[in-house]
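Summary of the model geometry
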Amino acid sequence: MEYVQFGNTGVEVSRIGFGGAPAGLRNYLQPFEPDAPDDRQHILDAIDAALESGINYFDTAPGYGSGRSEEMLGYALRGHRGQVFLASKAGLCGPDELRRSVENSLQRLQTDRLDFLQIHGTSYTDDAVRSVLQRGGMLEQMLRLKEEGLVRFIGFTSEDNNAAVYEFIRSGQFDMMQICYNVCMQHPYDPNRPFGSMLEAEKAGMGIAAMRTTSSGLFKRWMNLVDPNNRFDYTRALIQFVLSNPHVDVALIGMRTAGEVRENAAICDDTAGRVNLRELFTYYLQ
């Protein structure tokens, strides 16, 4: 397994991370019931395979199945806490709600601390940014939890690349950013300019995790529309595209079976499959 320093946090993380959304969400991308014993066992086997493959970054959230994802990860990782980094989240909320959310996450994850606590966001409004950054706001409360030792590092997640993302980065208070990035959604990084929030986050010394690495099925649906007879598996290409980005520390991948984990770990190990994105996006001959 390939590892990298996660921004300025001082921790070394695997290049691919275990995305916990599929573990808790019913019928996310494919038929799945988190309370069904067989489906649950597949997730537990996938987590075991992730550990065996050297994956040490596990990302989850209370919103993934009303805590089911956290519960499964907590159960499966309880004997391996010292060798993994646990990232969870909390939605936009006030100080009392934030503490309660973190305490509940710790209980479900069977741990006394989170390695990464992230604001769980999709697209932030200007009002939301002001609410987070203002005196007594969510950021201040996250820093307090950090001082208390309940969390080691703090960050935010975003599906968007709007002004809010840049304001959070400029605050200089966040240790990491989890951003949507894949071959279909390249808004955080334009290598041809170059431009994007990934570049600004790296300048700020933040760890960068990419979510929706394989596009959450979007690329596959697009290919099926373009050519219904196309049966080629683009998974390897999609993962290698994200891993080829020099600013991405961790590529998060949702995985429900041990087989998926082993296949994706092998893709990560195949460093010869990486491409130079600056050259790939050059529009003219030198």
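The text that follows walks through the structure, step by step, so that each part is easy to find. (Residues numbered from 1 in each chain as written. Predicted model: local features only at pLDDT ≥ 70, side-chain atom pairs only at ≥ 80, totals over all residues. Heavy atoms only, no water.)

1. Some points on the overall build of the chain
Counting its regular elements, the chain contains 12 helices and 10 strands. Burial statistics for the chain: of 286 residues in total, 51% are counted as buried. The long-range share in the chain, meaning contacts at least 24 apart out of those at least 6 apart in sequence, stands at 75%. If you sum the accessible surface of the chain, you get close to 13300 Å²; carbon and sulfur atoms cover 48% of it. With 28 positive and 37 negative side-chain charges, the chain shows a separation of 2 Å between the mean positions of the two kinds. (Helix = DSSP H or I, 4+ residues; strand = E, 2+ residues; numbered from the N terminus. Buried < 20%, exposed > 50% of the residue type's maximum accessible area, 1.4 Å probe, protein only. Contact = heavy atoms within 4.5 Å. Areas by Shrake-Rupley, 256 points an atom, 1.4 Å probe, with all protein chains shown as cover. Lys, Arg positive; Asp, Glu negative; His and termini not counted. Charge placed at Lys NZ, Arg CZ, Asp CG, Glu CD.)

2. Regarding the packing of aromatic side chains
Within this structure, the stated rule accounts for 14 aromatic pairs. Measuring from ring centre to ring centre gives 5.1 Å for F156 and F168, while their planes differ by 55 degrees; the resulting arrangement is tilted. Of the two residues, F156 sits in strand β7 (residues 151-158) while F168 sits in helix α7 (residues 163-170), which places them 12 residues apart along the sequence. Take F168: its relative accessible area is 0%, and that puts it in the buried class. (Phe/Tyr/Trp six-rings, centres within 6.5 Å; stacked < 30°, edge-to-face > 60°.)

3. Let's talk about the packing of helix α2 (residues 37-53) against helix α11 (residues 258-269)
Orientation of α2 relative to α11, taken along the N-to-C sense of each, is 25 degrees, at an axis distance of 7 Å. By the angle between their axes, α2 is roughly parallel relative to α11. Of the two elements, α2 crosses α11, and the hand of that crossing is right-handed. Here D45, A46, A49, A50, E52 and S53 of α2 come into contact with α11, specifically with A258, V261, R262 and A265. Classifying every residue of the contact of α2 with α11 gives six nonpolar, one polar and three charged. (Axes fitted to C-alpha atoms, helices over the stretch in contact; angles between N-to-C directions. Parallel < 35°, antiparallel > 145°, perpendicular 65-115°, else oblique. Left-handed = near helix turned anticlockwise from the far one by under 90°. Nonpolar A, V, L, I, M, F, W, Y, C, P; charged D, E, K, R; others polar.)

4. Here we look at the pattern of salt bridges
According to the stated counting rule, one finds 18 salt bridges in the structure shown. Note that E2 and R15 form a salt bridge whose closest N and O atoms lie 3.4 Å from each other. On the criterion of sequence distance, the pair formed by E2 in the segment before β1 (3-5) and R15 in the loop between β2 (12-14) and β3 (16-19) is long-range, its members being 13 residues apart. The exposure class of E2 is partly exposed, given its relative accessible area of 25%. Among the ionic pairs, R193 bridges to D190, the shortest N-O distance being 3.8 Å. D190 sits in the partly exposed class, given a relative accessible area of 23%. What you see here is one network of salt bridges that share partners, running through R81, D112, R113, D115 and R152. (Salt bridge = Lys/Arg side-chain N within 4 Å of Asp/Glu carboxyl O.)

5. Things to note about the environment of E71
When you line up the elements, E71 lands in helix α3 (residues 68-77). E71 sits 103 residues away from F174 along the chain, and the two C-alpha atoms are 26 Å apart.

6. Digging into the layout of surface pockets
The calculated volume of the largest pocket comes to roughly 1200 Å³. If you go around the largest pocket, you meet 46 residues; those closest to its centre are L29, T214, S216, G217 and G254. Of all elements in the fold, only α1 (21-24), α9 (218-226), α10 (235-243), β10 (250-254) and α11 reach the threshold of two or more residues within the lining of the largest pocket. It is α9 that provides the largest number of residues to the lining of the largest pocket, a total of five residues. Of the residues that constitute the lining of the largest pocket, the class distribution is 17 nonpolar, 17 polar and 12 charged. (1 Å grid on protein atoms, 1.4 Å probe; cavity = no way out; pocket = protein on both sides within 12 Å on 5 of 7 lines; lining within 4 Å. Points joined across faces, edges and corners; volume = space filled by probe spheres on them.)

7. Here's the deal with the packing of helix α5 (residues 126-133) against α7
Where α5 meets α7, the axes come as close as 9 Å, and the angle between the chain directions of the two elements is 15 degrees. Here α5 is positioned roughly parallel relative to α7, judged by the angle of their axes. Considering only the axes of α5 and α7, their crossing is right-handed. Within the contact between the two elements, α5 uses V129, V132 and L133 and α7 uses A164, E167 and F168. By residue class, the composition of the contact of α5 with α7 is five nonpolar, no polar and one charged.

8. Focus on α3
Of all 10 residues in α3, seven are buried, a share of seventy percent or more. Those residues of α3 not exposed but buried are S69, E70, M72, L73, G74, A76 and L77. On its buried face, α3 sits against β3, α1, α2, β4 (57-59), β5 (85-90) and α4 (95-109).

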